[in-house]
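# Observations on the model geometry
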Amino acid sequence: MTESLEEFLIARRDTGRLLLVPYVTAGVTPGWTDIVHAYADAGADAVELGFPFSDPMLDGVTIQEASDRAIAAGTTVKGILEEVATLDVDVPLIAMTYSNLVVQQSTAEFCAALTASGLRGLIVPDSPLEEVGELADAAAAEGLDLVLLAAPSSSRARLREITERSRGFVYALTRMGTTGERGEIPEQAVRLGRELKGLTDRPVLFGFGVSNPAQAAELAGHADGVVVASALMRKLLDGARPRELGDYVASIRRALDHGAR
Amino acid sequence: MGEMSWSRRQGVTVPAATRAMNDPGATGRFGTYGGRHVPESLIPACHEIEAAFREAWSDPEFRSRLDTLLAVYAGRPTPLTPAWRLSHELGITLFLKREDLAHTGSHKINNVIGQALLAHRMGKERLLAETGAGQHGVATATAAALLGLKATVFMGERDIERQELNVLRMNVLGAEVVPVTTGSRTLKDACNEAMRHWVSSVDNSYYCIGSVMGPHPYPWMVREFQRVIGEEARAQCAAELPVGVPDYVVACVGGGSNAAGTFAGFVDTTARLIGVEAEGGAAATFGRVGVLHGFRSLVLQDEDGQVTEAHSVAAGLDYPGIGPEHAHLRDGGRARYETVNDEEVVQALLCLARTEGILAALESSHAVAWVIRAAKSGEIAPGSTVMLTLSGRGDKDIASIKELL
Ligand SMILES: Cc1ncc(COP(=O)(O)O)c(C=O)c1O
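First things first, this report covers the structure right here in the doc. (Residues numbered from 1 in each chain as written. Chains lettered and ligands numbered in written order. Predicted model: local features only at pLDDT ≥ 70, side-chain atom pairs only at ≥ 80, totals over all residues. Heavy atoms only, no water.)

Turning to the overall build of chain A, a few remarks are in order. Each helix and strand counted, chain A has twelve helices and eight strands in total. Taken over C-alpha atoms, the radius of gyration comes to 17 Å for chain A, in line with the 18 Å a tight globule of 261 residues would show. Here chain A holds 261 residues, and 64% of them are scored as buried. In chain A, the proportion of contacts linking residues at least 24 apart, taken out of those at least 6 apart, comes to 75%. Looking at chain A as shown, the accessible area adds up to about 9,400 Å², and 48% of this sits on carbon and sulfur atoms. For chain A, the distance from the average position of its 24 positive side-chain charges to the average position of its 37 negative side-chain charges is 6 Å. (Helix = DSSP H or I, 4+ residues; strand = E, 2+ residues; numbered from the N terminus. Rg over C-alpha atoms; globule rule 2.2 N^0.38 Å. Buried < 20%, exposed > 50% of the residue type's maximum accessible area, 1.4 Å probe, protein only. Contact = heavy atoms within 4.5 Å. Areas by Shrake-Rupley, 256 points an atom, 1.4 Å probe, with all protein chains shown as cover. Lys, Arg positive; Asp, Glu negative; His and termini not counted. Charge placed at Lys NZ, Arg CZ, Asp CG, Glu CD.)

If you want it as structure tokens, here you go:
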């Protein structure tokens, strides 16, 4: 596959499909790569892989727990990349991690290692516009799409710059807060989705607090799709097997397709 | 509140020309360190705080209100006490800058009164804080009570156990203490939790960071609020010492706020600046470049970039990072960072208590321990003058000390 993450997602969106990107913390269980396959088989349009970090500032209890578990099991960036290189899935894989893991070697080496293993996107939530320059250059040089976050608190000028500099898609935060399941859809999410859609033709995906199929479908309708993380990781930590996680992703897929334009 | 003249502050006049540790500008970088490595959601809050601080810091009314509170409420200036008997024993001239005598018992109050005034000026209702030893938590609870704000303090479960007295003090002062049960259950995890809470309550809450760490403007702002230690000490040394400036200026370093405030007063002099870290939390000595809690600096971490837990007898020094400006001062050679072990620290605490009748905090005793060691080994030449910032008092540590004896 030589298409970029962005080209892949735009092509799918342009068929009228709402995009679905489920998340798994790499290394959370010994057979975590089975989960990636299950997601892909269940109709994911891309899969987000969390590279666990000891101090995940933007994550709520569920992903903290998944990260701690993966680290305790000896998960390393090198180990994850070796396993990723053996994966055979037909949708793009996106790494999500914190700056500290990115700066261990040079950002150029980090990005090169990701692309060498077949990853096509990268999300670094603690690297905002003012700090992202070097990483953005390194990612661009490697053909790796660096996805930027947009928040309900971002000014219009910042949203414009974020939509211009983000690659792959724009990650719209549904709320001010950490990852984790939540009840209702905040008004600010709807507003942010509308504003971002007005600024860019890049796909806009909502993330943070997407908790169930109905909610996913409603939110996705305000943009181009959703990222689902904590709801899946909660099930996994409670003992769900890859096939059950796949079934759940399939149920979200159906809800999105039902609500598609 | 009325105008407070310098004469009320025990004749201490502060020279204006001690500004070598400067404004890091809009990017908040000290060399390659510092910056603003936080999620997009927090960026507007950082901008808002930076703008508010810049405005307040150049507003004579704000400065005068702060100076007044520091004087009539916090008890500044703190004295510079000659350590008569210990000096004699070590063959040096040792002065102690007595932050233990400031209200609430440590230097933390200097920063907190500044930030609480700022939060109040910005119309925030609640102060959020992380705390290790509990001194910053107590100071925050105190300033909140003083200004009619609410306070929520995040504290690792392990620190809650070993700093019980300070937890009780916070409760009495009306603050909510939230136990943090993740990770090492110490200061670093309390910081994570405070940041997470801040993201979700940024509209009405102000995150009152307790050391020279976090995203810009905090490392700079906290150093500016702590600068009063160094400026007073500089003026006091000028009055006390024949040559005006000590040979050594020494302070303990957790995140590095008392050291930064102290160094700021002497950075443009010939004094050697020494920061003393706990051996088990010595980021300046054993750390590598990393990004933690919103800033780039030296961080204790394993080869994969997982942050390691710091271990020290002093809860306030159990931090795996160091303020970005310290990393920069270290690289440039302007300051030097040393380590001492728990055993030396406990001995130093007892030594100071028994020679001077001063019960210092375990954190502050790190600085004392290094001076004792260096004077005995001859590293500090006999006859040298040493100015040591005694960052806090040791009452909170009595239970720990009892166990260690
Ligand atoms: C008495 C005392 N000294 C020093 C410290 C360390 O902080 P910093 O390095 O920011 O001065 C603490 C922190 O809790 C403290 O309570």
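This part is about helix H11 (residues 230-237) of chain A. Residue and element names in this part refer to chain A. By the criterion of burial, H11 is predominantly enclosed, with six of the eight residues buried. Buried within H11 we find Ser230, Ala231, Leu232, Met233, Leu236 and Leu237. Here the buried face of H11 lies against strand E1 (19-25), helix H2 (32-41), helix H3 (61-72), strand E8 (225-228) and helix H12 (242-259). Among the residues trailing H11, Gly239 stands out with phi positive, at a value near 110°.

Residues and elements named next belong to chain B. Read across the sheet, six strands follow the order E3-E4-E14-E9-E10-E13 without closing on themselves; strand pairing throughout is mixed. What marks the edges here is a single partner per strand, and that holds for strand E3 (80-82) and strand E13 (335-340). Direction aside, the axes of adjacent strands within the sheet are offset by 25° on average. Of the strand pairs in this sheet, strand E10 (residues 272-278) and E13 are connected by six bridges, and their pairing is parallel. Among the inter-strand pairings, Val276 is bridged to a residue of E13, identified as Glu338. (Pairing = 2+ DSSP bridges. Axes fitted to C-alpha atoms, helices over the stretch in contact; angles between N-to-C directions.)

What follows concerns the sheet that holds strand E6 (residues 150-156) of chain B. Residue and element names in this part refer to chain B. Read across the sheet, four strands follow the order E7-E6-E5-E8 without closing on themselves; strand pairing throughout is parallel. Only two strands of the sheet have a single partner each, and these edge strands are strand E7 (176-180) and strand E8 (205-207). The average angle at which neighbouring strand axes cross in this sheet is 25°, direction not considered. Bridge count for E6 against E7 is five bridges, and the pairing is parallel. Bridge pairing in E7 places Thr152 opposite Glu176. The strands touched by helix H5 (residues 135-147) within the sheet are strand E5 (126-131) and E6, with E5 carrying the most contacts at an inclination of about 165°.

Spatial relationships are all this shows, so hold off on functional conclusions.
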